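As a plain string of letters, each chain reads:
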Protein chains: 2
Amino acid sequence: MRNDKVVIPLRALALRGALWSPVRIKTSELGSTMGMSQQGASQVLKRLERAGYIERWKGAGGSLIHITPKGRDLLLEFYHTLKMLFAKGGEVRLKGRVVRGMGEGRYYLSLKPYSEAIKKLTETEVYPGTLNIALDGLSAIKFRALSSFPGMEIMPFKAEGRSFGGAKLFRARIGDEQVHVIIPQRTHYQDVVEVISEKSLREALDLSDGSVVEVVVEVNIPGIGDRD
Amino acid sequence: MRNDKVVIPLRALALRGALWSPVRIKTSELGSTMGMSQQGASQVLKRLERAGYIERWKGAGGSLIHITPKGRDLLLEFYHTLKMLFAKGGEVRLKGRVVRGMGEGRYYLSLKPYSEAIKKLTETEVYPGTLNIALDGLSAIKFRALSSFPGMEIMPFKAEGRSFGGAKLFRARIGDEQVHVIIPQRTHYQDVVEVISEKSLREALDLSDGSVVEVVVEVNIPGIGDRD
């Protein structure tokens, strides 16, 4: 389901209270707030339910609707994107705990097209491994919002007979260390942020699995500050 | 144009920087971020331009796009609705200057179905006139966002051979005075908030045309606090 078919109806339901508890909502009324027919609104609800954004219970007098955590997170992500936009970029603070990756970051960084693109964009020689941070609830949502912003682009490429997706880089810092956050286009985990740097961050910052870390990421919007 | 056809593409354009200056945007790229074809994205841009949400300039190498103040205000309103939702209701502070109305408020309040509904909802005898406050820029946007929230409902009715639209009431205060904000369903002005109270507020608060006033409006979301 496309975002525009989800965000608007979810907001309409949220305005009726459906974020916080199951509420009785008339499809005719919902339709009119969204500028569509009762049938249209009814279709939308079916799709939202199928996609897991809402729960519905049918009764003789009508149905009750509740927005699921998945639905709430989508609205919240949308909210944070707009918040960052109207703050004209600035910084996003992401908190989480250091976790051990599956060696994937290290593998990607070992591929020449990748490492050379990174070297060019960051203007540093990058340590061949990523620091992985599993984000807490709200940080995970802010991270997803961040993923919508344009970063420094690494193009997709082919190597070793495989095709590799591109990635985006964002300037960031952990404490006093200048680092970069890297977001692969095709990512497995949504709630883990991968950080690269010229040093081993585990050593430089004395981190081990479970250490609590805050990554402060710079959000750049074209046309603000340094232009592209 | 329905909101869902505006908010999502405007956000996509804003993420490319179009809120702050004209930017070069490829329709193919825009389409892919919105999950639609290049043709689809191109249609959307045409509609946004016709509705006054964006400006476009075509050149040999592609077009430049800039979000207009109207488009920015729509996104900002959407942002403030979500902000209020995630604050779980709470208060909205609206600032503006006292202006003279056109006697419309007084006329409506003189109609029995209206005045009786208001009396029942507010549990007070209402002074037969409204205090009108012309809101400043950001407050006007917050006020529009507030209008999406459910209030105490006054139903439409017929009187003197005419049909009258309904209205919503919100509890509010100005200084220490308990007041209500009334939002007619069919409103002429979007940027003027009408306030009612059991007293003449001009007298009680010593206000005259041009006085700066802050109205603190309670936002209620069903299911939070007092339920309906």
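Predicted, not measured: the structure shown is a model, and the values here were computed from it.

J.: Just to check I follow, could you spell out helix H6 (residues 112-122) of chain A for this structure?
T.: Each full turn of the α-helix corresponds to 3.6 residues, which orients residues three or four apart in the same direction. All names here are of chain A. Along H6, the residues classified as buried are Tyr114, Ile118 and Thr122. Summarising the axial view, the buried residues of H6 lie within an arc of 40°, below the 170-degree limit, and thus occupy one face. More than 90 degrees from the buried face of H6, the exposed residues found are Lys112 and Lys120. Check the buried side of H6 and you find it contacts helix H5 (104-109), strand S6 (152-154), strand S7 (157-159), strand S9 (167-174), strand S10 (177-184) and strand S11 (192-196). Immediately downstream of H6, the backbone of glutamate 123 shows phi near 60°, a positive value.

J.: Which parts of the structure should I look at to understand the sheet that holds strand S1 (residues 23-24) of chain A?
T.: In a beta sheet, neighbouring strands pair by backbone hydrogen bonds and run either parallel or antiparallel. All names here are of chain A. With respect to topology, three strands assemble into an open sheet ordered S1-S3-S2, the strand pairing being antiparallel. The open sheet has two free edges, formed respectively by S1 and strand S2 (54-59), since each of these has just one partner strand. Bridge count for S2 against strand S3 (residues 62-67) is six bridges, and the pairing is antiparallel. For glutamate 55, the partnering residue across the bridge sits in S3 and is histidine 66. Each of S2 and S3 is contacted by helix H1 (residues 7-15), which is oriented at about 105° to S3, the strand it contacts most.

J.: Please clarify how the pattern of salt bridges should be interpreted in this entry.
T.: Any two side chains of opposite charge can pair, so long as their charged atoms come close to each other. Residues and elements named next belong to chain B. For the coordinates displayed, the defined rule picks out 24 salt bridges over all chains. When the shortest N-O distance is used, the salt bridge between glutamate 29 and arginine 16 registers 3.0 Å. Highlighted residues: glutamate 29 in helix H2 (residues 27-34) and arginine 16 in the loop between helix H1 (7-15) and strand S1 (23-24), separated in sequence by 13 residues. Judged by its relative accessible area of 32%, glutamate 29 is partly exposed. Classification of arginine 16 as partly exposed rests on a relative accessible area of 28%. Taking the shortest distance from any N to any O, the salt bridge between lysine 119 and glutamate 125 comes out at 3.4 Å. Owing to a relative accessible area of 42%, lysine 119 belongs among the partly exposed residues under this scheme.

J.: Please clarify how the packing of helix H4 (residues 69-86) of chain A against helix H4 (residues 69-86) of chain B should be interpreted in this entry.
T.: The angle between the axes and the distance between the axes are what describe a pair of packed helices. One can describe the packing of H4 of chain A onto H4 of chain B by two numbers: an axis separation of 9 Å at closest approach and a directional angle of 130°. Considering the angle they form, H4 of chain A stands oblique to H4 of chain B. Judged by the sense of rotation from one axis to the other, the crossing of H4 of chain A with H4 of chain B is left-handed. Taking contact as the criterion, the partners of Arg72, Leu75, Leu76, Phe78, Tyr79, Leu82, Lys83 and Phe86 of chain A in H4 of chain A are, on H4 of chain B, Arg72, Leu75, Leu76, Phe78, Tyr79, Leu82, Lys83 and Phe86 of chain B. Taken together, the residues of the contact of H4 of chain A with H4 of chain B sort by class into twelve nonpolar, no polar and four charged.

J.: Please explain the sheet that holds strand S3 (residues 62-67) of chain B as it appears in this structure.
T.: Residues and elements named next belong to chain B. One open sheet accounts for three strands, arranged S1-S3-S2; its pairing is antiparallel. Two strands in the sheet have a free side with no partner beyond their single neighbour: S1 and strand S2 (54-59). Packed onto the sheet, H1 meets S2 and S3 and runs at close to 105° relative to S3. Along the sheet, helix H3 (residues 38-50) contacts S2 and S3; its crossing angle with S2, the most-contacted strand, is approximately 120°.

J.: Is there a simple way to explain the relation of the copies chain B and chain A in this structure?
T.: Relating the two copies of this chain is a rotation about some axis coupled with a shift parallel to it. Superposing chain B onto chain A requires a rotation of 180° together with a translation of 0.0 Å along the rotation axis, leaving an RMSD of 0.0 Å. In symmetry terms, the pair is related by a two-fold rotation axis.

J.: Sorry, what's going on with the domain arrangement of chain A here?
T.: Buried accessible area, meaning the area lost when the parts come together, often serves as the stated size of an interface. For chain A, the domain assignment lists domain 1 (3-67) and domain 2 (89-219). Inter-centroid distance (C-alpha atoms) of domain 1 of chain A to domain 2 of chain A is 38 Å.

J.: How should I be thinking about the packing of aromatic side chains in this particular structure?
T.: The relation between two aromatic rings is expressed through the spacing of the ring centres and the mutual angle of the planes. Counting across every chain of the model gives 16 aromatic pairs over all chains. Aromatic pair tyrosine 79 of chain A and tyrosine 79 of chain B: ring centres 5.5 Å apart, planes at 10°, arrangement stacked. Of this pair, tyrosine 79 of chain A sits in helix H4 while tyrosine 79 of chain B sits in helix H4, each in a different chain. Each member of the pair, tyrosine 79 of chain A as well as tyrosine 79 of chain B, is classed as buried. Between tyrosine 114 of chain B and phenylalanine 157 of chain B, the aromatic rings sit 5.5 Å apart at their centres with planes inclined by 55°, giving tilted as the arrangement. With tyrosine 114 of chain B in helix H6 (residues 112-122) and phenylalanine 157 of chain B in strand S7 (residues 157-159), the pair connects residues that are 43 residues apart, well separated along the chain. Taken together, Tyr107, Tyr108, Tyr114, Phe157 and Phe164 of chain A form an aromatic cluster joined through their ring pairs. The lysine or arginine in question, lysine 70 of chain A, covers the ring of tyrosine 53 of chain A, its NZ or CZ lying 4.7 Å from the ring centre.

What counts, and where the lines are drawn
Residues numbered from 1 in each chain as written. Chains lettered and ligands numbered in written order. Predicted model: local features only at pLDDT ≥ 70, side-chain atom pairs only at ≥ 80, totals over all residues. Heavy atoms only, no water. Buried < 20%, exposed > 50% of the residue type's maximum accessible area, 1.4 Å probe, protein only. Helix = DSSP H or I, 4+ residues; strand = E, 2+ residues; numbered from the N terminus. Arc of directions from axis to C-beta. Contact = heavy atoms within 4.5 Å. Pairing = 2+ DSSP bridges. Axes fitted to C-alpha atoms, helices over the stretch in contact; angles between N-to-C directions. Salt bridge = Lys/Arg side-chain N within 4 Å of Asp/Glu carboxyl O. Parallel < 35°, antiparallel > 145°, perpendicular 65-115°, else oblique. Left-handed = near helix turned anticlockwise from the far one by under 90°. Nonpolar A, V, L, I, M, F, W, Y, C, P; charged D, E, K, R; others polar. Least-squares fit on C-alpha atoms with pLDDT ≥ 70 in both. Domains from an automatic or database assignment. Phe/Tyr/Trp six-rings, centres within 6.5 Å; stacked < 30°, edge-to-face > 60°. Lys NZ or Arg CZ within 6 Å of the ring centre and 35° of its normal.

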